[in-house]
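Listed below, chain by chain, are the residues.
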2 protein chains.
Amino acid sequence: MASSSSSSYGIEQLQKECYYEWMSLQAKHIVDLKEALMRQRSNAYNHHKLEELVGKIVNDFQSYAKRRSELTDKSCSSYFAPSWNSSLENGLLWMGGCRPSSFIDENIDDGHDGDSSMSDLTATQLEKINDLHVKVIREEDKLTKKYANFQEDVADMPIAVTAFWRDSVEADVAVEDALDKHEECMGVLMAEADKVRVETLKRIVEVLTPVQAAEFLLSGKRLHMSLHEWGRAREDRGYGCVHVRMQQQG
Amino acid sequence: MASSSSSSYGIEQLQKECYYEWMSLQAKHIVDLKEALMRQRSNAYNHHKLEELVGKIVNDFQSYAKRRSELTDKSCSSYFAPSWNSSLENGLLWMGGCRPSSFIDENIDDGHDGDSSMSDLTATQLEKINDLHVKVIREEDKLTKKYANFQEDVADMPIAVTAFWRDSVEADVAVEDALDKHEECMGVLMAEADKVRVETLKRIVEVLTPVQAAEFLLSGKRLHMSLHEWGRAREDRGYGCVHVRMQQQG
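Within every chain, residues take consecutive numbers counted from 1 along the sequence as written. As a convention, the first chain written is A and the first ligand written is 1, with the rest following in written order. Local features in a predicted model are, by the rule used here, given only for residues with pLDDT of at least 70; side-chain atom pairs are given and counted only at 80 or more, and totals for whole chains, interfaces and linings are based on all residues. Computation of side-chain values: all heavy atoms of the structure, hydrogens and water removed.

(A) Representation of the overall build of chain A within the structure. On a plain count of helices and strands, chain A comes out with nine helices and zero strands. Every helix listed is a DSSP run of H or I at least four residues long, and every strand listed is a run of E at least two residues long, numbered separately from the N terminus. Element order for chain A, N to C, with α for helix and β for strand: α-α-α-α-α-α-α-α-α. Burial classes: relative accessible area under 20% of the type maximum marks a residue as buried, over 50% as exposed, and values in between as partly exposed (1.4 Å probe, protein chains only). A burial count over chain A gives 54% of its 250 residues as buried. For this analysis, residues touch if any pair of their heavy atoms sits within 4.5 Å. Of the contacts made within chain A by residues no fewer than 6 positions apart, 80% connect residues no fewer than 24 positions apart. All accessible-area figures derive from a Shrake-Rupley calculation using a 1.4 Å probe, and residue coverage is judged against the displayed protein chains alone. Roughly 11500 Å² of accessible area belongs to chain A as shown, and the carbon and sulfur atoms make up 53% of that amount.

And the structure:
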């Protein structure tokens, strides 16, 4: 049996690899979607093929979530502020990933301004999307509440008492068990959040036509990839606020 | 004028230093509180002196929050998942710090079990603490909701449209402005959260006797310091879950 230390290191490595595989797959999705939408516009592509592509991409997301969930089961803390994310992305994180409700905000125009990034939705579609939005926010709130309770539980655990009565900060068996249990609970919660993410994506795509769905996925993936790049770039050259302020004052 | 890049790097460094100064001050608080409580028990210390110490420690926390807030104003993203925290701590983070409601859970026994870590509270004290708990949770929920809205706003921003219409992921001025504005909003939110943290601490201490307040502060500080140590230790030797499971299976 490998030592627990090297195995655990292996797991964080696997989580990182899993993430970068997903990012590279998303880069491919972007190319595929662009190509398919271009062909569609020149009538060289039929709706059925576009539908297939959209279905494949949604399945890829589900597989990614499944793989992540397997890795989460072993060690989930790192997913709540991954080292491979920029600070910008970590500040946007909800339960180790994006907010399912943001799928709707980011891409689906509510018809109130002219900057639609997607082919126009019908009134029926808009109604369905709005209903979904409300439902998803409700599910998010439920999980956010659970998360808050888990966080409070840590403070409530035998830890507090242990920490109070002993001088040493060395963790004993009771503390380690409590922390393990906490990590397991967080893992279960993240799996639930992943389920909401996947389900929301599926339900959105069901409401849309294949062209709209392809546009929606393309926009979302571009935003995701862009945020990663921008976050890193901002860190590399120092943080944005300061930069801008100094220019204004300079 | 210094280059924006070196100044920004300096700010993240300052944030880290500010944190470690606070941790080291807390280590001193622990020693002071222990000593004061020991003297108190041997009747060699009067209530007034204990009260002074408690007041000083609460003021130190307020100064720390103020200093953090000054640094947040310049760049707040890093506070939402600080690199100086362990994953365990980052998973417990709420608005760049601890949950104010956890001040109450962690230390104040509700009288339902025998593991009280603090000298017994009177019925009146318990009632006041419970009222405060409810109020604090309500304030937390309000800020959590604001945070969710800011997160959604990012997805809603010109970014999405920019990302959709352009092939390049390079950020343009509109994107940079939007991200700067986002970071500013998050900074304001964190300052509000810090205010709730400081106010909650003050209100708890007001309800308690000097001895109870000293015990409460000691317990909280020990938990805070312990979580930092334990989180690091768990990371150094690999994550807990895996370790435990492999032992069970091995």
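(B) Quick peek at the environment of A:Lys34. Residues and elements named next belong to chain A. Assignment of secondary structure puts Lys34 in helix 1 (residues 4–41). Residue Lys34 is classed as partly exposed on the basis of its relative accessible area of 29%. Residues Lys34 and Val154, spaced 120 residues apart in sequence, show a C-alpha to C-alpha distance of 47 Å.

(C) Highlighting the packing of aromatic side chains. Residues and elements named next belong to chain A. Each aromatic pair joins two rings of Phe, Tyr and Trp (for Trp, the six-membered one) with centres within 6.5 Å, and gets the label stacked for planes under 30 degrees apart, edge-to-face for over 60, and tilted for any other angle. This model, assessed by the stated rule, comprises 14 aromatic pairs over all chains. Consider the rings of Trp22 and Tyr64, whose centres lie 4.7 Å apart with planes at 10°: the pair is stacked. Here the residue Trp22 occupies a position in helix 1, and Tyr64 occupies one in helix 2 (residues 47–74), the gap between them amounting to 42 residues. Looking at Trp22, the relative accessible area reads 5%, which means it is buried.

(D) Region of interest: the packing of helix 2 (residues 47–72) of chain B against helix 8 (residues 210–236) of chain B. All names here are of chain B. Only the contacting stretch of a helix is used when fitting its axis, a line to C-alpha atoms as for every element, and angles between N-to-C directions run 0 to 180 degrees. Two elements in contact, helix 2 and helix 8, have axes whose closest approach is 9 Å; the angle formed by their N-to-C orientations is 40°. By crossing handedness, the relation of helix 2 to helix 8 is classed as left-handed. Between helix 2 and helix 8, the contacting residues are His47, Leu50, Glu51, Val54 and Ile57 on the first element and Pro210, Val211, Ala213, Ala214, Leu217 and Lys221 on the second. Here the contact of helix 2 with helix 8 is built from residues that sort into eight nonpolar, one polar and two charged. By convention the crossing between two helices is left-handed if the near helix lies anticlockwise of the far one by an angle smaller than a right angle, and right-handed if it lies clockwise. Under the scheme applied here, ten amino acids are nonpolar (Ala, Val, Leu, Ile, Met, Phe, Trp, Tyr, Cys and Pro), four are charged (Asp, Glu, Lys and Arg), and all others, including Gly, are polar.

(E) Examining helix 2 of chain B more closely. A helix is expected to reach a length of 1.5 Å times the quantity of its residues less one. In this model, helix 2 of chain B (26 residues) spans 37 Å end to end at C-alpha, consistent with the 38 Å of a helix rising 1.5 Å per residue. The complete set of buried residues in helix 2 of chain B reads B:Leu50, B:Leu53, B:Val54, B:Ile57, B:Val58, B:Asp60, B:Phe61, B:Tyr64, B:Ala65, B:Arg68, B:Leu71 and B:Thr72.

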